[in-house]
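Overview (structure and organization)
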Amino acid sequence: MSYKIPNAPVDTRSPEELAEREYGRLKSDDYLYVSRHPVGEPLPTPVDDEPPYIIYISTYISYLILIIIGHIRDFFGKIFKPQDYEDLVEKNGYAPWYDGFESFYVRRLKLRIDDCFARPIHGVPGRFVKCFDRFRSSNLRYTYTGTSTECLNLSSYNYLGFAQSQGVCTSTALKCVDDYGTSACSPRAHCGTTDLHRECERVVAEYLNQDDSIVISQGYGTNANLFASLVDPECLIISDELNHASIRFGIRLSGASVKVFKHNDMNDLNKLIRNSIAQGQPRTHRSWKKIIIAVEGLYSMEGNMVNLPEIVRLKEKYRCYLFVDEAHSIGALGPEGRGVCDYFSIPHSKIDVLMGTFTKSFGATGGYISGKQELIDALRINYITNIYGESVPPPILGQIISSLNVLTGKLNKGEGVERLKRIAFNSRYLRLGLKRLGFIVYGSDDSPVIPLLLFLPAKMPAVSRLLYDCNIAVVVVGYPATPLSSSRVRLCVSSALTKEDLDYVLTKFSEIGDLTYLKFSSGIAGGSKIPGEPPRWSIEEVLEHNTEDCKKPKLT
Amino acid sequence: MASQENVQATMSTKLVTATTTLQPSFEQFSSILADKFVGYLDYLNNIPGGTIVLRYIKSSYKNDPVRSLFELCLFILACNYFLSSKKKENRSDILDFSEKEIDELCRQWEPAPLVEKLGPQKSWDLRCTPEIKGHNGAMVQVTTPHIGERVKAVNLASSDFLNLNESEAVSSAAKSCISTCGVGSCGPPNFYGTQDVHVRLEEDLSEYLDTEQAILYGQDFTTAGSVIAAFLKRGDLCVVDSGISLALQKALVVSRCDLEWYDHNDMDHLDRILSELSPILDKQKPIRRRFIVTEALFSNYGDIADLPKIVELKNKYKYRLFLDETLSIGVLGDTGKGLPEYYGVPRSEIAITIGSFALSFAASGGFCVGVTPMIHHQRISSLAYVFSASLAPFSAKSASSAIKEITTKTNSQGKSVLISSLHEKTSYLYNQLKKTLTNRFFSIVSSPESPIIHLSLDKEYRKRLNLPIFYGNTEFLLNGKPARKSNGFSQRYNLESYILQKVIDEVLIRENILLTRSKNALDHENLPVANPHLLIMVNVAVSFEALDKLVKTLEDISHEMSHKIRNQEDLQILEQELLTY
C-alpha cells in the first residue's frame, strides 16, 4: 500500500504465454477480411442514429444537476474549506494559476470520474494491458496495492498489434540501441541525421508511393508547426470542423485565413470553395494565393472516414491543395495498409501533403510528412520542427522500418498480410455485433475506431468501471472532446485480439448494455433483423451469425 | 414563433403612434392604452400557441401597460441581439455573384504553387547536412555530400554534451525497457499511455530538480508552446527577454497575451519596464497572471541570464518567472541542475521550468517542473500533453538512468564527475580560443560557462563586408504582434552562413573535426535574428589534444579566410561559388 506507483511485478509466465498475451494467435482463416472500398461506388453517408428523446432530456437534466451541485459545493466549500480553494484565489498579490470559472468543468465534473482516466499501466499495451490496482484515498490521491490486473485492451492505439516486446520489430529496435544509441543527440541539420534516418524516410516514402518524406519525433509536433511553412496570411485553409487539435493549432500558428466546413459534408465544402474563390480575401477581395483543404483520413472520435474520392475530385476541379492527416488511417486501412488512398484505390500522388503518425499502427512514436520531392526539399530547410526540434531516436526508427517491412512482406512474409486482414475482420466483427445487440455506434463499416454512444454523463464512469471489473479496458470520452450530449466509449480494435476475445467483449457489453440501458438504437444505421424494427438480437444469435455476416459487403 | 413576433412588432408600432396623439395626462394615457392593448391581445388567441403567450402577458400585465411595453422592448432587444450573429457584420463585404460568374471566377483563378522550388541560392544548404553513419558519439563516421566520407571524425556538433549516448548504463536501461514494454507507448497519457517508467521519471526529475512535481512531454520543441498556452490567455502579461528562442516566440504568439520586451539580458531595462508598469498593474482588479519569460542559456547567443537579479525584480514587482532550461539542464551547476544551481538560487523561486531530455540526457522528449497545482492543470489543459501519445517508455527509462549517471558519480567536493569534466573542457577550450583568435576574424560571443561556444564573425570585419547588425525584422518588438509578412530570403545571411560553412568544411578536411553553425529558419523568426554563429559543442569524451588541434586549425583558417575575403567584391565571388557548392 502506498501513494507511489509500485514497480512492475515480475512476470513468471513462459515467453510463449507472454507472446500470446501480447498478440493472440489466429485460430481460423475464416477470421480474415480485406478492407477496400468498391471503386466508383459513392461512399455511403454514415448514419448517426438518434436515441429516444427521453435520453436527450435526461442527459441535459444530468448536466444541470451536476452543475447546480457543483456550484453549491463551490459556494459552501469556499466558506467552510478555504484551504481546498487556495489555488483559485489570489495569494500575496499573485493571480491564481487558473480561473475558478474556467476550471469548473474539470473540478466538478471530470474529477468525479477521475479514476476512469489515466490508469497507470506497465508492460506492453498489446492484446492485454496490465493496469495497476488502485483505489481513491482522497480527491487527487490514489493508493496502490502493489498488484496489477490484466485487462483485454480495447483502449490503446495498437491497430496492427505491433506493440510487442518480442519478435522481429523488437529485435531490430534493440539492435538499433546497440548500433546507434538511445538518442539522436541533436536536431536534424546539425548532426542528428544518421543513415538510419535516411533509410527510414526512404522506406516511408516507398510505402506511400511518394518521392520523399520527413520523419518527426512527435505526431502532434508534426502538425503543430507544419502549416506555417506552407501558407502565409494571403492563403486560405479550409478545414473540417472535427479536425484534430494539432491541426487547428498549426493553422492558428500559420496566420493564414481559415474557413471550416461541416464534418464530411461535400456539398458544404463545394459551396465553401466556390464562394471563397469568388469572394477572394476579406475586404481587399484580392484572390487567394492558394487554398489548402485540410482533412483527416479517419476521424478518431467519430470513426468516420473522409470522403476521399469526392474531395480529390473537388480539389482537382478547383485546383486547391489537399492535406490529409492519416494519423489513424495509415496502416489500419486498405488492403495493403497504405491508408485511405489504398482503401479507396486512389493513387497517393493525388494528395499533395500526406501526414501521418507511427504511434497508432506501427507501435512506435512520431510522425511523418510525405509528398513530392519539391515539397520535402523545401520543408527540410523551412520546417521549424525539423530544424529546431529533436531528431527521432534510433530505436523508434528501427521499429518503424521493421514494421513497414513486415507489412510489405520484406520481413516475415505473410505476417503483414495476416495483420492487415485481421484488423479488417476484427473491426467489422465487433461493429456488426454491437449494432445487432442494439447499441448506437458511429462511423464507417471498416473503421477500427468504434465509438459507442452513451449520452448520459453518469454512464461514462458506470460503463468504464463495469467493464474494468470484467477485465476489459476501454476509453470513455465526454465533453469537451465530444459535443456535450454525446459522451461515448471509444473502442480501438487491434489485430492482436482474437475472435474469442471479441466474443467475450460482445457478451460483456450485452450484459452491461442491459444493466445500464444502452440498447436504444432505432435500426436506421443497420443491424435490424427485420427491416424497420430496432435491432435487439440476443447475444447467442449474434455470435452464431456474426462471422459470416460481417464479411458481407454492407453491415446490416 | 415568427408570426407572433410579427404581431408583436405591429403592436408596438401602433402603440407608438397611439402615444403621440394622446393627451399628456398620464392616467388618461394609460387607461386608453390599456383598452387598446387588451383589444389587440385578443388577436393572439387565433395563433397556435398564442393562448400561452396571452396568459403570460395577462399575468405580467397587472393593469400597468408601461410595464408590458418595457417587457416588449426588452424582448425585441433580445431577439435582435441573438439574431445578429457575428457573420452578419461582414455582410456588407460580401459580393453577390451568380452561379455562372462563380464558375467563371473559379476557372480564372491562378493558384500559386504549394511551395516555391528551391533555387540554387538556397539548395546548397541541403547539401551541407552531415550524415552520421552508425553510432552518434564523440567519434563518428560522417559523410557530407560536399566532402565525402570521413571515417573517424571528432564530433563537436552534437548536443549530447555528457556523451551519455555512448554510456553502457543508459543503453542497457533502454534495452531492458524495450524488452518489457515494446517501443511505443500506444496512447495519450490520460488513456492508458502512462506507464510505471513515466511516473518514475517524473519522480526522479522532481527529486533531482527539487520541485514538487514534474510532467513529461513527447517532444522538447512543442513543450514551450503547450505550457505557455495553458496558463497565459488574452489579458495576461509577459515581460520577455528579446533574445529568446523560436520555440518561445511561437508560444507567446499563440497565447495571445500582452507582451513587453526588455533588451536582451539588460537588467536595468527590465527594472525600468517593471517599474513603469507597476502603477497600472497595481490598480488591476482582479489581478491577472504575469510572467517574466527568459531562457537560462540562450540558444541564439550562448550567454546566460542574470538569474539573481531577475529573481529579485520578480519578487519586488510580484511576477512569476518562466525559465526555459532546454540547454542548461545537465550542463550548468555542480550537478547539472541548471541555472539556479549555478547561481545558488533555490528552484522554488522559479514558477515554471521547462527543459529537454533530448540533449544532455541522451533520451528524447521535454518536461516541465514546478508546484503541484501548476503541473496538475497541465494534465488536463495542455494541448501537447492531452492530444499526443506519451513519451516512448524506453526514452523515459534512459532519461531516468541518465539522471542517475549524473548524480551518483560524484567527486570529493560533491560535484558530478561528468559535469565537472564538461566544465573543465569548456573553460579550457574557451580560454584557448580567447587567447588565439586575435586576428579579428572571429570573436567569441557566448559566456565562458556555455558548452556551446558561439563564434561570430568579428564586428569590425562584418562592418567592412557591409553585413547588417541583425537580420529579420523588429516588428514583434515594436508592436507586440509578429509581422504579417515573413522575412523572406536574405542573400547576405545566406553568404554569411556560407562563409561559416567553408570554415566547417576546412576543419573537417584538415583535422577531421566536425563542427556546426547556427541554422535558423529565417522565414519563421519573429524577432531580430543574430548573425549566424559557428558553433562548437563541447563533448566530455573529446580529448584535450583534439581541442588543441581545433584551436590551432581555427587560427590558421581564420587567417586564411580573412585574407581571402576582404571586402564586398570578394563576397560577390562567393555568391557565384555558392551556386555550385
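Residues numbered from 1 in each chain as written. Chains lettered and ligands numbered in written order. Predicted model: local features only at pLDDT ≥ 70, side-chain atom pairs only at ≥ 80, totals over all residues. Heavy atoms only, no water.

Selection rule: UniProt positions are given in the numbering used here, feature names are shortened, and annotations may be inferred rather than shown by experiment.
Chain B has the name serine C-palmitoyltransferase in an unreviewed UniProt entry, where Pichia sorbitophila is given as its organism. Recorded in UniProt under Sequence similarities (unreviewed entry), the annotation for chain B is "Belongs to the class-II pyridoxal-phosphate-dependent aminotransferase family." Under the Cofactor (unreviewed entry) heading, UniProt states for chain B: "pyridoxal 5'-phosphate".

Per an unreviewed UniProt entry, chain A carries the name serine C-palmitoyltransferase and comes from Pichia sorbitophila. Among the UniProt annotations of chain A, the heading Sequence similarities (unreviewed entry) holds the following wording: "Belongs to the class-II pyridoxal-phosphate-dependent aminotransferase family." The heading Cofactor (unreviewed entry) in the UniProt record of chain A holds the text "pyridoxal 5'-phosphate".

**As for the interface of chain A and chain B**
Filter applied, for reference: In this description, contact between two residues means that some pair of their heavy atoms is separated by no more than 4.5 Å. Each of two parts loses accessible area, computed with a 1.4 Å probe, when they are put together; buried area is these two losses added. The salt bridge criterion pairs a side-chain nitrogen of Lys or Arg with a carboxyl oxygen of Asp or Glu, the two atoms within 4 Å.
Contacts between chain A and chain B engage 119 residues on the former and 122 residues on the latter. Note on chain A versus chain B: buried area summed over both sides is about 10,400 Å², and carbon and sulfur give 60% of it. Contact with chain B buries surface across chain A, with W97, H190 and Y388 of chain A losing the most and accounting together for 9% of the total. Summed over the shared surface of chain A and chain B, the result is 8 salt bridges. The shortest N-O distance in the salt bridge between R274 of chain A and E99 of chain B comes to 2.9 Å.

**Regarding the pairing of strand β5 (residues 236-240) of chain A**
Residue and element names in this part refer to chain A. Rules: Three labels apply to residues, based on accessible area from a 1.4 Å probe with only protein chains included: buried if under 20% of the type maximum, exposed if over 50%, partly exposed otherwise in between. Helical segments are the DSSP runs of H or I of at least four residues, strand segments are the runs of E of at least two, and each set is numbered from the N terminus. When DSSP finds two or more bridges between a pair of strands, those strands are recorded as paired. Looking down the strands as they point away from the viewer, one classifies a crossover as right-handed if the path from the first strand across the helix to the second runs clockwise.
For β5, the tally of buried residues reaches 5 of 5 residues, placing the bulk of the element in the interior. Judged by which residues are buried, β5 turns out to be covered on both faces: L236, I238 and D240 on one side and I237 and S239 on the other are all buried. For β5 and strand β6 (residues 257-261), the ladder comprises 5 bridges, and the chain directions are parallel. Considered in β6, the bridge of I237 is made with V258. At this point the chain moves from β5, through helix α7 (residues 245-254), to the parallel β6, and the crossover so formed is right-handed. Pairing of β5 with strand β7 (residues 291-296), which is carried by 4 bridges, proceeds in the parallel orientation. Across the sheet, I237 pairs through a bridge with I292, a residue of β7.

**Some details on the sheet that holds strand β14 (residues 516-517) of chain B**
Residue and element names in this part refer to chain B. Quick reminder of the rule: What counts as an axis is a line fitted to C-alpha atoms, over the stretch in contact for a helix, and the angles between N-to-C directions run from 0 to 180 degrees.
Spatial strand order, β11-β12-β15-β14: 4 strands in an open sheet with antiparallel pairing. At either margin of the open sheet sits one strand with a lone partner, and together these are β11 (442-444) and β14. Sheet analysis places strand β12 (residues 452-457) next to strand β15 (residues 533-537), joined by 5 bridges and oriented antiparallel. Note on β15: the bridge partner recorded for L455 is L534. The strands that helix α19 (residues 417-436) touches are β11, β12 and β15; relative to β12, the one it contacts most, it runs at about 20°.

**A short note on unusual backbone geometry**
Here the residue pair Y479 of chain A and P480 of chain A is connected by a cis peptide bond, since its omega of 10° sits within 30 degrees of zero. Its location among the elements puts P480 of chain A in the loop between β13 (475-477) and β14 (487-492). In the segment running from K285 of chain B into P286 of chain B, the intervening peptide bond is cis, with an omega of -10°. With respect to the helices, strands and loops of the structure, P286 of chain B is situated in the loop between α13 (267-282) and β7 (290-295). With phi around 50°, S345 of chain A is a residue other than glycine that occupies positive phi space. Locating S345 of chain A in the fold gives a position in the loop between α10 (340-343) and β9 (353-357).

**What about a nonpolar patch on the surface?**
Residues and elements named next belong to chain A. Here is the rule: Two joining distances apply to patches: 9 Å for like charges and 5 Å for nonpolar side chains (Val, Leu, Ile, Met, Phe, Trp, Tyr), and every residue must have over 30% relative accessible area and no salt bridge. To be clear on the numbers: accessible area is Shrake-Rupley with a 1.4 Å probe, and residue cover counts the displayed protein chains and nothing else.
A surface patch of nonpolar side chains, about 760 Å² in accessible area, is lined by L64, I68, I72, F75, F76, I79 and F80. Within the secondary structure, F75 is located in helix α2 (residues 53-80). Judged by relative accessible area, F75 falls into the exposed class, the value being 54%.

**Things to note about the packing of α19 of chain B against helix α23 (residues 544-564) of chain B**
All names here are of chain B. Heads up, the rule is: Working rule for angles: under 35 degrees goes down as roughly parallel, over 145 as roughly antiparallel, 65 to 115 as roughly perpendicular, anything else as oblique. Handedness of a crossing is defined here by the sense of rotation of the near helix relative to the far one, left-handed for an anticlockwise turn of less than a right angle and right-handed for a clockwise turn. Three classes are used: nonpolar for Ala, Val, Leu, Ile, Met, Phe, Trp, Tyr, Cys and Pro, charged for Asp, Glu, Lys and Arg, and polar for all others, with Gly counted as polar.
Two numbers describe how α19 lies on α23: the axes approach to 10 Å, and their chain directions differ by 25°. Between α19 and α23, the angle is such that the two are roughly parallel. Here the hand of the crossing between α19 and α23 comes out right-handed. Facing E424, K425, Y428, L429, Q432, L433 and T436 of α19, the residues of α23 in contact are F544, L547, D548, L550, V551, L554 and E555. Of the residues contributing to the contact of α19 with α23, the split by class is 8 nonpolar, 2 polar and 4 charged.

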